[in-house]
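# Structural description and commentary
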Protein chains: 2
Amino acid sequence: MTQAAPTPAPGPRYTRLVAELPASVPFVGPEAQERAAGRPFRARLGANENGFGPSPRAIAAMAEAAAGAWMYGDSLSHDLRNALAAHHGCAPENVIVGEGIDGLLGNLVRLVVAPGDRVVTSAGAYPTFNYHVAGFGGELVCVPYRGDAEDPQALIARAAAADAKLVYISNPDNPMASHHGPQVILDMLAAVPPGCVMVLDEAYIEFAPDGTAPAIDPDDPRVIRMRTFSKGYGLAGARVGYALGAPGLIAAFDKIRNHFGMSRVSQAGALAALHDQDWLAATCAKVARARARIEAIAAENGLGALPSATNFVAIDCGGDGALATRVLHELAARAIFVRKPSVAPQDRCIRVSCGPDAELDALAEALPDALAAARG
Amino acid sequence: MTQAAPTPAPGPRYTRLVAELPASVPFVGPEAQERAAGRPFRARLGANENGFGPSPRAIAAMAEAAAGAWMYGDSLSHDLRNALAAHHGCAPENVIVGEGIDGLLGNLVRLVVAPGDRVVTSAGAYPTFNYHVAGFGGELVCVPYRGDAEDPQALIARAAAADAKLVYISNPDNPMASHHGPQVILDMLAAVPPGCVMVLDEAYIEFAPDGTAPAIDPDDPRVIRMRTFSKGYGLAGARVGYALGAPGLIAAFDKIRNHFGMSRVSQAGALAALHDQDWLAATCAKVARARARIEAIAAENGLGALPSATNFVAIDCGGDGALATRVLHELAARAIFVRKPSVAPQDRCIRVSCGPDAELDALAEALPDALAAARG
């Protein structure tokens, strides 16, 4: 005699994978923090946004495109894709445009990670990548930082040992702002195990010293590079990222991506931003000055700032993670939004984004009291 | 003696599911067709876009938001979500904002469909929904149209028989423009089997007769309603959709969605569009006039037009699917972009979107020759 299957309840039956996922989210946004606090931040320096703003040409292009927003965006992002290919000296077939690096990372994980598949990253590296890996049932294998930098050799060794499908590295690194020179990345690439793809997240590459980005054969099937208009180009809210990779991997995105997912207004803004390299260069100069200012503010407070190849600076609060967390909370209580690394010993730092003078003035004003309160 | 596993090739190892997915895409966009033809369309009447355009207030809001595009959008779309809840008389917890209905459908399928799970829809209904079902390994069970309308009773019966996780219906329907009254939808909802969610795609609801949308308890766990700013509000290129559903199902999206995926500019545009209900009403009046014009153009050519509760009209070409396909191609050769249903007998029609007079003039001019060429 067989037992009848129990009748399900009315409503959704989630997949087993979804049922087991936590309800936690990768980041609480600044607006949500402002609503909780009942007041706006004086300085928005926590999300590594680019407060120097996008090119006026990009702003104008978006404003002009708004009236045409009744049309879906081009599903191939043809003009932007071709411009990016020309910019990077590769073929359009090496480029996929997507809804920010976050969206592209989600699709990349979906392409290769089935439940139980392993993915290697650094402990304390990009939480949204980890969120996607968990979201598709992947098993995350974490390698510690080494001297406040990601450890390419250890990552590769772990990828080989774990038979990983993906190995992630950001260069320059978030959240520590460190970077490796091009040969280190090339050596890492040469050692990527068969069946594994190296995810080279270059979101911050425009801020790094010239020559940091290695010359990589765009048809190399072992690597996919992630780039974005969110950081150097100042268009985080437009949601435009792109990936550079071998044509086979790039084409695979077409099997699963949301083909009409790109905002038409954003496509226009990104294209105009790409064509204003002078603005990008001026932005990078402003960012370099802001980095120096943040370092000076840290020094005025007796704190060390880690070297930065990005648009943010990790400030060593001189204690453990608990102290740095208190500093972060005391800054938030003074309407200064920053974030911090999550894993020891990097969690001794707070992470401060570069921004215009007025915001750094607010930071400079608030930090002494915040430090005193955190210590007391 | 065990055999050693073969060494994988360098590069990605796709999941079994992805390896088996076809390379085909749901739609070829009009820009891609224009590039292939080497000339622009005279009339863009194929994607059910709203050529009457968004509210000037939405355009102004997007233009104003462009300068602030250096900031990520609010990950909760708080202001828009709350405005939508007020608009619909439900709680914010009943609303999730996403990157168009396409993006929301993808996430909904991901929440409940594991490989082999069954999903019921109508043969010839929305291809992008089917694309997502296939993309997560779901098994699509199709029910024929009945009298050029979706068949609620047959859909429910099939969902019960197949133990389906989702049953999809669009009301009004795409691609046939037919609609059911509210009681038919309520009767369908009452019969949804346990463990199944009814996906009520109301993308075109603003164009339907008053009272078409049924009053549904927003906390009912058996249904999720899909709405969009792409059609009535004329913001297809902004990529803003939303779903209305029970708080548990709405909250589940937070486990998997791209939290910072919304364009900040689009959030601003949608909010302004929602607050200009007069523009929406004026648009619907323009659409009604355009529907009548399309019906008249059909009649002038001896063709019948099906009744429409949407911003498009299905024109019966008076033959089989092959004839209608030839009409579509002959129209494209005359720079008129339309689409058509894919499944017999609905495929005897072409589907023409409403648009401004100039575009319908171009259609009226081209259709006689296109018909003659298609018949000859």
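Everything numeric here is computed off the predicted structure, so don't read it as measured data.

### Describing the domain arrangement of chain A
Residues and elements named next belong to chain A. On domain assignment, one finds that chain A holds domain 1 (28–52 + 278–375) and domain 2 (56–275). Distance from the C-alpha centre of domain 1 to the C-alpha centre of domain 2: 25 Å. At the interface, 25 residues of domain 1 touch 22 residues of domain 2. Between domain 1 and domain 2 lies a buried interface of about 1800 Å² when both sides are counted; carbon and sulfur atoms form 63% of it. On the domain 1 side of the interface with domain 2, the three residues burying the most area are Leu280, Ala309 and Gln346, jointly 29% of the side's total. Summed over the shared surface of domain 1 and domain 2, the number is 1 salt bridge. The residue Asp148 makes a salt bridge to Arg348 at a minimum N-O spacing of 2.6 Å. The interface formed by domain 1 and domain 2 includes 10 residue pairs in polar contact (both at pLDDT 80 or more). Considering every element that reaches the side of domain 1 that touches domain 2, the biggest residue donor is helix α11 (residues 277–300), with 6 residues.

### Let's talk about the packing of aromatic side chains
Taken as a whole, this structure holds 14 aromatic pairs over all chains when the rule is applied. Pairing Phe229 of chain A with Tyr242 of chain A gives two aromatic rings, centres 5.9 Å apart and planes at 50 degrees, and the pair type is tilted. One end of the pair, Phe229 of chain A, is in the loop between β7 (223–228) and β8 (241–245); the other, Tyr242 of chain A, is in strand β8, and 13 residues separate them in sequence. Each member of the pair, Phe229 of chain A as well as Tyr242 of chain A, carries the same accessibility label: buried. Centroid distance Phe27 of chain B to Tyr126 of chain B: 6.4 Å. Interplanar angle 40 degrees. Geometry classified as tilted. Here Tyr126 of chain B lies in the loop between β3 (118–122) and α6 (127–135) and Phe27 of chain B lies in the loop between α1 (16–20) and α2 (30–37), a separation of 99 residues in the sequence.

### Things to note about the interface of chain A and chain B
Where interface size is quoted, it is often the accessible area lost as the parts come together. Listed by partner, the interface residues are 86 residues for chain A and 86 residues for chain B. Across the interface of chain A and chain B, roughly 7000 Å² is buried in total on both sides, 59% from carbon and sulfur atoms. If you sort the residues of chain A by the area they bury against chain B, Arg13, Trp70 and Tyr72 of chain A come out on top, with a joint share of 13%. Seen at the junction of chain A and chain B, the total is 6 salt bridges. Salt-bridge contacts for Arg13 of chain A lead to Asp163 of chain B; the nearest nitrogen and oxygen are separated by 3.1 Å. On inspection of chain A and its partner chain B, the count reaches 52 residue pairs in polar contact (both at pLDDT 80 or more). If you list the elements that add at least two residues to the side of chain A that touches chain B, you get α1 (16–20), α2 (30–37), α3 (56–66), α5 (100–112), α6 (127–135), α9 (247–252) and α10 (264–274) of chain A. At 5 residues, α5 of chain A tops the list of elements feeding residues into the side of chain A that touches chain B. Of the residues assigned to the side of chain A that touches chain B, the class counts are 46 nonpolar, 22 polar and 18 charged.

### A closer look at the relation of the copies chain A and chain B
Of the two same-sequence chains, chain A is brought onto chain B (RMSD 0.0 Å, axial shift 0.0 Å) by a rotation of 180 degrees. Seen this way, the second copy is the image of the first under a two-fold rotation axis. Relative to the rotation axis, the C-alpha of Ala63 of chain A is the closest in chain A, positioned 2.0 Å from it. Looking at chain A, 100% of its interface residues are interface residues in chain B too, so the copies touch through the same face.

### Remarks on the pairing of strand β2 (residues 95–98) of chain B
Successive residues of a regular strand alternate their side chains across the two faces of the sheet. All names here are of chain B. Along β2, one buried face is formed by Val95 and Val97 and the opposite face, lined by Ile96 and Gly98, is buried too. Taken together, the 4 bridges between β2 and strand β8 (residues 241–245) define a ladder with antiparallel strand orientation. Across the sheet, residue Val95 finds its bridge partner in β8, namely Leu244.

### Digging into the UniProt feature "domain: Aminotransferase class I/classII large" (unreviewed entry) in chain A
As recorded in UniProt, the sites labelled "domain: Aminotransferase class I/classII large" (unreviewed entry) are residues 45–367 of chain A. Helix makes up 40% of residues 45–367 of chain A and strand 15%, whereas the separation of the span's terminal C-alpha atoms amounts to 13 Å.

### With respect to the pattern of salt bridges
All names here are of chain B. One pass over the structure, following the stated rule, counts 32 salt bridges over all chains. For Lys165, the salt bridge goes to Asp117, with nearest N and O atoms at 2.8 Å. Of this pair, Lys165 sits in the loop between α7 (152–162) and β5 (166–170) while Asp117 sits in the loop between α5 (100–112) and β3, and the two are 48 residues apart along the sequence. The exposure class of Lys165 is buried, given its relative accessible area of 10%. A salt bridge links Glu202 to Arg227; the shortest N-O distance between them is 2.7 Å. In this pair, Glu202 is assigned in the loop between β6 (197–201) and β7 (223–228) and Arg227 in strand β7, connecting sequence segments 25 residues apart. Looking at Glu202, the relative accessible area reads 1%, which means it is buried.

### Digging into the pairing of β8 of chain A
Residue and element names in this part refer to chain A. Counting buried positions along β8 gives 5 out of 5 residues, so the element sits mostly inside the fold. Where burial is concerned, the two faces of β8 agree: the one with Gly241, Ala243 and Gly245 and the one with Tyr242 and Leu244 are both buried. With 5 bridges connecting them, β7 and β8 associate as antiparallel partners. Across the sheet, the residue bridging to Thr228 is Gly241, located in β8.

### Looking at the side chain of Asp276 of chain B
Residue and element names in this part refer to chain B. In this fold, Asp276 is placed in the loop between α10 (264–274) and α11 (277–300). Assessed through its relative accessible area of 8%, Asp276 is described here as buried. Reaching out from Asp276, the side chain makes a polar contact with the backbone nitrogen of Trp279 at a distance of 3.1 Å. Setting aside residues up to four positions removed in sequence, Asp276 forms contacts with Ser55 and Arg57.

### Topic: the sheet that holds β7 of chain B
What links the strands of a sheet is backbone hydrogen bonding, and the strands pair in either a parallel or an antiparallel sense. All names here are of chain B. Taking strand neighbours across the sheet as the criterion, the 7 strands line up as β2-β8-β7-β6-β5-β3-β4 in an open arrangement whose pairing is mixed. Taken across any chain shown, the strands that pair with only one partner, and hence form the sheet edges, are β2 and β4 (139–143). Going across the sheet, the axis of each strand differs from the next one's by a mean of 20 degrees, ignoring polarity. Here helix α4 (residues 78–88) sits on the sheet and contacts β2, β7 and β8; the angle it forms with β2, its principal contact strand, is near 130 degrees. Along the sheet, α5 makes contact with β2, β5, β6, β7 and β8, crossing β7 at roughly 160 degrees.

Reading the values: the criteria
- Residues numbered from 1 in each chain as written.
- Chains lettered and ligands numbered in written order.
- Predicted model: local features only at pLDDT ≥ 70, side-chain atom pairs only at ≥ 80, totals over all residues.
- Heavy atoms only, no water.
- Domains from an automatic or database assignment.
- Contact = heavy atoms within 4.5 Å.
- Buried area = accessible area lost by both parts, 1.4 Å probe.
- Salt bridge = Lys/Arg side-chain N within 4 Å of Asp/Glu carboxyl O.
- Polar contact = N/O pair within 3.5 Å; in protein donor to acceptor, adjacent residues only side chain to side chain.
- Helix = DSSP H or I, 4+ residues; strand = E, 2+ residues; numbered from the N terminus.
- Phe/Tyr/Trp six-rings, centres within 6.5 Å; stacked < 30°, edge-to-face > 60°.
- Buried < 20%, exposed > 50% of the residue type's maximum accessible area, 1.4 Å probe, protein only.
- Nonpolar A, V, L, I, M, F, W, Y, C, P; charged D, E, K, R; others polar.
- Least-squares fit on C-alpha atoms with pLDDT ≥ 70 in both.
- Pairing = 2+ DSSP bridges.
- UniProt positions renumbered as here; feature names shortened; annotations may be inferred.
- Axes fitted to C-alpha atoms, helices over the stretch in contact; angles between N-to-C directions.

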